[in-house]
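Next come the chains, spelled out residue by residue.
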Amino acid sequence: MTRTLLTFGDSNTHGSPPIVTPGLYGRFGPKDRWPTVATEVLGPGWSLIEEGLPGRTTGLEDPIMGAHMNGQTGLRIALESHGPIDVLTIMLGTNDLKTRFAPSVDRITGGAAGLLDIALSEPMQTRHGGFKVLLICPPPVVETGPIRDQFWGAEAVGPHLTASFRKLAKARGVGFFDARSVIDVSAQDGIHYEPEAHRMLGAALAEVIAKL
């Protein structure tokens, strides 16, 4: 029986490469995107649904990129578009660190809590016949590269998300993984991951998902 993995996130779930030229779209191939790597490691008994949107937040409408960047709206759509699923991974919070959102640990953790509220709600769990949730804390942003001005102040908040996300996951009874334990952001832009980091993260997450 095939099990289905839904990976919900932002550009680092989508597979966007580190930014060299702002505004230029790019995407790594399947072998260099962590969701496909994780699924391959999990084996032939798994199928994958990739739901990564560059710019997505935990629950904020972006005044520049659009209201559809609200992850809570996106998660409802994803969970009602696909199914049934067996495991949902959520890795968001990086874009919440943009200066225009006045980021704080409590604000971003609250956004993540809203996502878990949706995923764990009785209607969504019933719709899919029950599914496991893995909350992933992204590695901290480094203020460097071509769009560092958008993330001014991120280094003061990002490193503290891990402990808060971990406590949230425990309180809600879902799985937790700290991406910083295996990877760092690229030195090129301080936000995205290099291909090797994607492969390392995918392999590590496959092990965690298999044990959920």
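Just above sits the structure.
Below: a short report on this structure.

Digging into the overall build of the protein
Each helix and strand in the protein was counted, giving 7 helices and 5 strands. Its helices and strands in sequence order give the protein the pattern β-α-α-β-α-β-α-α-β-α-β-α, from N to C terminus. For a compact globule of 212 residues, the expected C-alpha radius of gyration is about 17 Å, and the protein comes in at 16 Å, within 12% of that figure. The dimensions of the protein, computed from C-alpha atoms along their principal axes, are 45 × 35 × 30 Å. Split into buried and exposed, the 212 residues of the protein put 54% on the buried side. Here the contacts in the protein between residues at least 6 apart in sequence split such that 74% fall between residues at least 24 apart. Taken as a whole, the protein presents about 9400 Å² of accessible surface, with 54% of it coming from carbon and sulfur.

Looking at the nonpolar core
Core analysis: the largest hydrophobic core is formed by 36 residues, its most contacted members being L75, L79, L88, I90, V133, L135 and F165. Elements with a minimum of two residues in this core: β1 (3-9), α3 (71-81), β3 (87-91), α4 (105-120), β4 (132-137) and α6 (161-172). With 7 residues, α4 is the single largest residue contributor to this core. Apart from the residues within four sequence positions on either side, L88 is in contact with L6, F8, L75, A119, F131, K132, V133 and L134.

Description of the packing of aromatic side chains
Enumeration according to the criterion identifies 0 aromatic pairs in this entry. Against the face of F101 rests R100, its NZ or CZ located 5.8 Å from the ring centre.

Quick word on empty space enclosed by the protein
In this approach the atoms are scanned with a rolling probe the size of a water molecule, which exposes any empty space left behind. Applying the stated criterion across every chain yields a total of 1 cavity of 30 Å³ or more. The volume enclosed by the largest cavity comes to roughly 40 Å³. Forming the walls of the largest cavity are G93, T94, L97, P138, P139, P140, V141, G158 and L161. Of the residues in the lining of the largest cavity, the class split is 6 nonpolar, 3 polar and no charged.

Here we look at helix α7 (residues 195-210)
Along its 16 residues, α7 runs 23 Å from first to last C-alpha, staying within 8% of the 22 Å computed at 1.5 Å per residue. Residues of α7 that are buried include every one of A197, H198, L201, G202, A204, L205, A206 and I209, and no others.

A word on helix α2 (residues 34-42)
When you tally the buried positions in α2, you get 7 out of 9 residues, the bulk of the element. For α2, the complete set of buried residues consists of W34, P35, T36, V37, A38, T39 and L42. In this structure, the buried residues of α2 make contact with β1, α1 (11-14), β2 (46-52), β3, β4 and α7. Following α2 by one or two positions, G43 has its phi on the positive side, about 110°.

Some remarks on unusual backbone geometry
G83 connects to P84 through a cis peptide bond whose omega is -5°. Summarising the element assignment, P84 is placed in the loop between α3 and β3. The backbone of A102 shows a phi angle near 45°, a positive value even though the residue is not glycine. Tracing the backbone shows A102 in the loop between β3 and α4.

Digging into the layout of surface pockets
Put simply, the largest pocket is a space of about 520 Å³. Forming the boundary of the largest pocket are 24 residues, of which I19, G23, L24, P54 and H192 lie nearest the centre.

Observations concerning the side chain of T4
As for its position among the elements, T4 is in strand β1. T4 sits in the buried class, given a relative accessible area of 12%. With sequence-adjacent residues up to four places away left out, T4 is seen in contact with W46, S47, I49, P84, I85, D86 and V87.

The rules behind the values
- Residues numbered from 1 in each chain as written.
- Predicted model: local features only at pLDDT ≥ 70, side-chain atom pairs only at ≥ 80, totals over all residues.
- Heavy atoms only, no water.
- Helix = DSSP H or I, 4+ residues; strand = E, 2+ residues; numbered from the N terminus.
- Rg over C-alpha atoms; globule rule 2.2 N^0.38 Å.
- Buried < 20%, exposed > 50% of the residue type's maximum accessible area, 1.4 Å probe, protein only.
- Contact = heavy atoms within 4.5 Å.
- Areas by Shrake-Rupley, 256 points an atom, 1.4 Å probe, with all protein chains shown as cover.
- Core = buried A, V, L, I, M, F, W, Y, C linked by side-chain atoms within 4.5 Å.
- Phe/Tyr/Trp six-rings, centres within 6.5 Å; stacked < 30°, edge-to-face > 60°.
- Lys NZ or Arg CZ within 6 Å of the ring centre and 35° of its normal.
- 1 Å grid on protein atoms, 1.4 Å probe; cavity = no way out; pocket = protein on both sides within 12 Å on 5 of 7 lines; lining within 4 Å.
- Points joined across faces, edges and corners; volume = space filled by probe spheres on them.
- Nonpolar A, V, L, I, M, F, W, Y, C, P; charged D, E, K, R; others polar.
- Expected span 1.5 Å × (residues − 1).

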